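Single-letter residue listing:
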Amino acid sequence: MSGHKGKRKRTDDPPEEAERPLDLEAVLQKSIERAATLIEQSSRILLLVGAGISTSAGIPDFRSSDGLYAAMKDGRLEEEGRVSETPVSDATLHSPTPSLRSRRAAAVQGERLRQRLQETEDTFKIADPQELASIEVFREHPEVFYSFAKQVLPGDRTPTETHRWIRSLELNGKMLRLYTQNIDQLETAAGIEAVIPCHGTFATASCIRCQRKVPGANIAEEIQKGTVPYCQVCKRSKSKPIRGYLPYMKPDITFFGEPVDTRVEKQLKLDRLQADLLIVIGTSLLIPPIRDIPKLFKHIPQILINRNKPKAIDPEILLLGNCDDIIHRLEEYMQHKGKAGVTR
Ligand SMILES: [Zn+2]
């Protein structure tokens, strides 16, 4: 049993480190090691992710109540750094002082979107920012949504370190499923296959009059131009409105006031019987169905990686901080451990 003395008792450690930061660091390191062990022991991991895993890609959250709208409303966008985080990969590749450039770029992007949304609010006299994506407003005034939809459309953005790590879990046969409340499609861009989009997707769009579904690409041009797309079938037949609904096309993302897709709940029930570890990353767990998942999976160990600890979860392992940073450390530790042998 050589080397069982422990790796942090090395005599060459500097003796005069400030005590408090060192303690916090030690706690975090211990938690990372425990998380790594849990992940190693699991083979059907259920992941639950939110806006926090995409902010470093420069995407302010679009829908969730802890996201962009709420932040705009009470001005905590900057404070929480929602648009100024940075991919760790960028930090390590380009700059000794973590990627100021990419932080600035993301902040500028976020600021532009915020201004655009503010203009939309002013133009349409929106009292509550959530109305921008409310189904009731959409039925009457689809032009409100399409005036800014381009800004939130998934584009040629790059998945984050966290997305890539999740994909590696899937490739290693460890991931059962990923539930996301993001609509940026970065999961798909990262190659992740078993994704449940809890708040819908831009991949398809439907006519709010006749419910006909088309590929999202069919309305991409209108979204880019900021004009309202109409259902071609309804338009051709010059149909009358159904229940007062005109034939506007709407991306299949879940708007405020719309029910969550029933397939989410069905899949959760099935996954409940299989999952052996729950990892929650980058979400404040404020809205259903995501909010209720930790409770539903109480019977399995849970890991939380987030800037703060939401009320809706009481995890075995709490990793507080920027998602990409934590994932980076976790991955490094696991790789190192793998190389050094399990008994290290
Ligand atoms: Zn139609």
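Residues numbered from 1 in each chain as written. Predicted model: local features only at pLDDT ≥ 70, side-chain atom pairs only at ≥ 80, totals over all residues.

## Re the overall build of the chain
For step 1, the next point in the chain: When its secondary structure is counted, the chain shows 13 helices and nine strands.
For step 2, the next point in the chain: Split into buried and exposed, the 344 residues of the chain put 40% on the buried side.
For step 3, the next point in the chain: Contacts in the chain between residues far apart in sequence, at least 24 positions, make up 66% of those at least 6 positions apart. (Helix = DSSP H or I, 4+ residues; strand = E, 2+ residues; numbered from the N terminus. Buried ≥ 20, exposed ≤ 12 C-beta atoms within 10 Å, placed from the backbone. Contact = placed C-beta atoms within 7 Å.)

## Some words on the UniProt feature "active site" (unreviewed entry) in the chain
For step 1, the next point in the chain: Mapped onto the present numbering, the UniProt feature "active site" (unreviewed entry) falls at His199.
For step 2, the next point in the chain: The residue His199 is located in the loop between strand E3 (195-197) and strand E4 (200-207) in this model. (UniProt positions renumbered as here; feature names shortened; annotations may be inferred.)

## A few points about the environment of Ala35
For step 1, the next point in the chain: Within the secondary structure, Ala35 is located in helix H1 (residues 19-41).
For step 2, the next point in the chain: Residue classification places Ala35 among the buried residues on the basis of 26 C-beta atoms within 10 Å.
For step 3, the next point in the chain: Between the C-alpha atoms of Ala35 and Ile279, which are 244 residues apart in sequence, the distance is 9.6 Å.
For step 4, the next point in the chain: For Ala35, the residues in contact, after removing those within four places along its chain, are Ile303, Ile317, Leu319 and Leu330.

## A closer look at the sheet that holds E4
For step 1, the next point in the chain: With antiparallel pairing, three strands are arranged side by side in an open sheet as E5-E4-E6. Only two strands of the sheet have a single neighbouring strand rather than two, namely strand E5 (213-215) and strand E6 (249-253). This sheet shows a mean twist of 40 degrees between the axes of neighbouring strands, independent of strand direction.
For step 2, the next point in the chain: As judged from the five bridges shared by E4 and E6, these two strands associate in the antiparallel manner. In the strand pairing of E6, Ala205 is matched with Pro251. (Pairing = 2+ DSSP bridges. Axes fitted to C-alpha atoms, helices over the stretch in contact; angles between N-to-C directions.)

## A few points about the sheet that holds strand E1 (residues 45-49)
For step 1, the next point in the chain: Taken in spatial order, the six strands make up an open sheet running E3-E2-E1-E7-E8-E9, and their pairing is parallel. Where the open sheet ends on each side, the last strands, each with one partner, are E3 and strand E9 (317-320). Taken over all neighbouring pairs, the strand axes of this sheet differ in orientation by 15 degrees on average, direction set aside.
For step 2, the next point in the chain: Inspection of the sheet shows strand E8 (residues 302-306) paired to E9 by four bridges, in the parallel sense. Counted as the bridge partner of Asn306 is Leu320 from E9.
For step 3, the next point in the chain: Lying on the sheet, helix H7 (residues 161-171) is in contact with E1, strand E2 (175-180) and strand E7 (277-281); it crosses E2 at an angle near 150 degrees.

## Quick look at the environment of Leu38
For step 1, the next point in the chain: Inspection of the secondary structure puts Leu38 in helix H1.
For step 2, the next point in the chain: On the neighbour-count criterion, Leu38 (19 C-beta atoms within 10 Å) is partly exposed.
For step 3, the next point in the chain: Residues Leu38 and Asp276 lie 238 residues apart in sequence; the distance between their C-alpha atoms is 9.6 Å.
For step 4, the next point in the chain: Apart from residues no more than four positions distant in its own chain, Leu38 is found in contact with Leu277, Pro301, Ile303 and Ile317.

## Side note on the pairing of E7
For step 1, the next point in the chain: A large share of E7 lies buried, amounting to five of its five residues.
For step 2, the next point in the chain: Residues of E7 alternate between two faces, with Leu277, Ile279 and Ile281 on one and Leu278 and Val280 on the opposite face, all of them buried.
For step 3, the next point in the chain: As paired strands, E1 and E7 are joined by five bridges and run parallel to one another. Bridge pairing in E7 links Leu47 to Ile279.
For step 4, the next point in the chain: Note that E7 and E8 share four bridges and pair parallel. Considered in E8, the bridge of Ile279 is made with Ile303.

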